[in-house]
Amino acid sequence: MESQCFDLKLEDKIAEMVLKRPQALNTMIPQFWRELPALISALDDAGNARVLLISSTGKHFCAGMDLSVFAAGIGNPGADPFVRAEAFRHQVKALQHTFNVVAHSRIPTIAAIQGGCIGAGVDFVTACDIRYATEDAFFQIAEINIAMTADVGTFPRLCKLIPDGWVRELAYSGRRLPAAKAKEIGLINEVFPDQDAMLAAARALALEIAARNPLAVTGSKVMIQYARDHSEADALDYIAIWQTAMLAPPHMAEAFAAQAQKRAPIFPDLAPIPKGL
């Protein structure tokens, strides 16, 4: 599909998605909210991408939601206020769905962040699995600076990634969190001197992931997210059920044979997700 907000390519089982509106600081215009879930869902459905690398262009990774989206969310000012509020709830849920698609994708996602990651940009990258950043990167829950509470996904995800006190400080003050501190408190995995070094490292990691058994990788993602959101007992029970259905001795035999023969293993891609009956 033609996209106003993203370039997308697939090579060596790695999908690379690049935000491509640097002149507008990669703000999230209305098209962004339609294109991102459509592109992610298409990759997910096809099953031939084994990892997704998300990067950006220009000074900032993403300066957050574009003002045009705020204007669209106001709705009919003449409508009954309670009816208008109920409709607005559905608009917020639609925006949240965009990043839920990223979080729930069966493909692992790596976010490579340069410059500012602001407002809904934080929602975006916290929905990814792994985050790398440049030394000049910073993260900002900027919604408080325009007199609103962040609502698209920041708190449900960020509260599970960094200590509670840091979430509160950033949310209440609107301060910037520099990359070095973000690494220290666990928001990002690694900091790099510049974007070229970051992307080289992110692509190297993507190649490593792409070489692993896709069934085991997606199983790991499912289990990690399930364990995060459930009790230890429930998570242990679920992995036992998963393994009963999807432990793959032929895949394991291929892994052992490849190690013994000092070659790259050959694993099948995930099957396409069937649509309809």
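Numbering of residues starts from 1 in every chain and runs along the sequence as written. In view of the model being predicted, local features appear only for residues whose pLDDT reaches at least 70, and side-chain atom pairs are presented and counted only at 80 or more, with totals across whole chains, interfaces and linings using the full set of residues. Hydrogens and water molecules were not included; the side-chain quantities draw on all heavy atoms of the structure.

Participant: Let's hear about the side chain of S55: which residues, and what values?
Facilitator: By the criteria applied, helices consist of DSSP H or I runs no shorter than four residues and strands consist of E runs no shorter than two, each listed in order from the N terminus. With respect to the helices and strands, the residue S55 is situated in strand β3 (residues 51–55). For this analysis, residues touch if any pair of their heavy atoms sits within 4.5 Å. Once residues within four sequence positions are removed from consideration, S55 is found in contact with M17, V18, L19, F61, A112 and L199.

Participant: Requested: an account of the packing of aromatic side chains, with residues and values cited.
Facilitator: Classification of ring pairs uses Phe, Tyr and Trp, with its six-membered ring standing for Trp, and accepts pairs whose centres are within 6.5 Å; under 30 degrees between planes counts as stacked, over 60 as edge-to-face, and the remaining range as tilted. In total, this model carries 9 aromatic pairs according to the counting rule given. Measuring from centroid to centroid gives 5.1 Å for Y132 and F192, while their planes differ by 55°, and the two rings are tilted. Of the two residues, Y132 sits in strand β6 (residues 130–134) while F192 sits in strand β9 (residues 190–192), which places them 60 residues apart along the sequence. As far as the burial class goes, Y132 and F192 line up, both buried. Site record: aromatic cluster; members linked through ring pairs are F6, F32, W33, F61, F99 and F124. Only when the NZ atom of a Lys or the CZ atom of an Arg is both within 6 Å of the ring centre and within 35 degrees of the ring normal do we say a charge sits over the ring. For the cation-ring pair, R176 lies above F138, with the distance from its terminal atom to the ring centre recorded as 4.0 Å. Residue burial is assigned from relative accessible area. The probe radius is 1.4 Å, only protein chains are included, and a residue is buried under 20% of its type maximum, exposed over 50%, and partly exposed in between.

Participant: Tell me about the sheet that holds strand β2 (residues 14–19), and please be specific about residues and values.
Facilitator: Pairing is mixed across the open sheet formed by 6 strands, whose spatial order is β1-β2-β3-β4-β6-β9. In the strand order of this sheet, the two ends are held by β1 (6–11) and β9, each with one partner. The average undirected angle you get between the axes of adjacent strands in this sheet is 20°. Strands are treated as partners if at least two bridges between them are detected by DSSP. Pairing between β2 and β3: 5 bridges, direction parallel. Pairing of E16 across the sheet is with L53, part of β3. For helices, the axis comes from a line fit to the C-alpha atoms of the stretch in contact; other axes are also lines fit to C-alpha atoms, and the angle between any two N-to-C directions lies between 0 and 180 degrees.

Participant: Residues and numbers for the side chain of T154, please.
Facilitator: With respect to the helices, strands and loops of the structure, T154 is situated in helix α5 (residues 154–158). A residue is classified by how much of its surface remains accessible, and T154, at 1% relative accessible area, is buried. Each residue touching T154, except ones within four places of it in the same chain, is listed here: G119, V122, D123, I141 and C159.

Participant: Go over the nonpolar core, please, and point to the residues and values.
Facilitator: Membership of the largest hydrophobic core comes to 52 residues, with the highest contact counts inside it found for F32, W33, L36, F99, I113, F124 and F139. The element contributing the most residues to this core is helix α1 (residues 30–46), with 6 residues. What I113 contacts, discounting residues up to four positions off in sequence, is F61, V125, R131, Y132, A133, T134, A137, F139 and M198. Throughout, nonpolar core names a set of buried Ala, Val, Leu, Ile, Met, Phe, Trp, Tyr and Cys residues whose side chains join them through atoms within 4.5 Å. I130, A201, L205 and I209 belong to the second-largest nonpolar core, a separate cluster that totals 17 residues.

Participant: So, the state of the cysteines: which residues are in play, and what are the values?
Facilitator: Any covalent bond linking the sulfur atoms of two cysteines counts as a disulfide. Working definition: a disulfide is two cysteine sulfur atoms within 2.5 Å of each other. Counting across every chain of the model gives 0 disulfides. In this structure C62 is a free cysteine whose sulfur lies 6.7 Å from that of C117, the closest cysteine sulfur available. Unpaired in this structure, C128 has its nearest cysteine sulfur neighbour in C117, at a distance of 9.1 Å. Look at C128 and you get buried, because its relative accessible area is 7%.

Participant: Give a detailed account of empty space enclosed by the protein, specifying residues and quantitative values.
Facilitator: Computed over the protein atoms alone on a 1 Å grid, cavities are sets of points where a 1.4 Å probe fits but cannot get out and pockets are open sets with protein on both sides within 12 Å along at least five of seven lines; a residue lines them when it has an atom within 4 Å of a point. Grid points are joined across faces, edges and corners, and a volume is the space filled by probe spheres set on the points. Under the criterion given, the structure shown has 3 cavities of 30 Å³ or more. The space that makes up the largest cavity amounts to roughly 70 Å³. In terms of lining residues, the largest cavity is bounded by A49, R50, R106, I107, P108, I209, P214, V217, T218 and L270. Here the element with the most residues in the lining of the largest cavity is helix α9 (residues 214–229); it accounts for 3 residues. Three classes are used: nonpolar for Ala, Val, Leu, Ile, Met, Phe, Trp, Tyr, Cys and Pro, charged for Asp, Glu, Lys and Arg, and polar for all others, with Gly counted as polar. When grouped by side-chain class, the residues that make up the lining of the largest cavity number 7 nonpolar, 1 polar and 2 charged. Put simply, the second largest cavity is a space of about 40 Å³. Taken together, V122, F139, Q140, I141, L158, L170, L177 and L187 make up the full set of residues lining the second largest cavity. Across the lining of the second largest cavity, the residue classes break down as 7 nonpolar, 1 polar and no charged.

In short, shape yes, function no, at least from these values alone.
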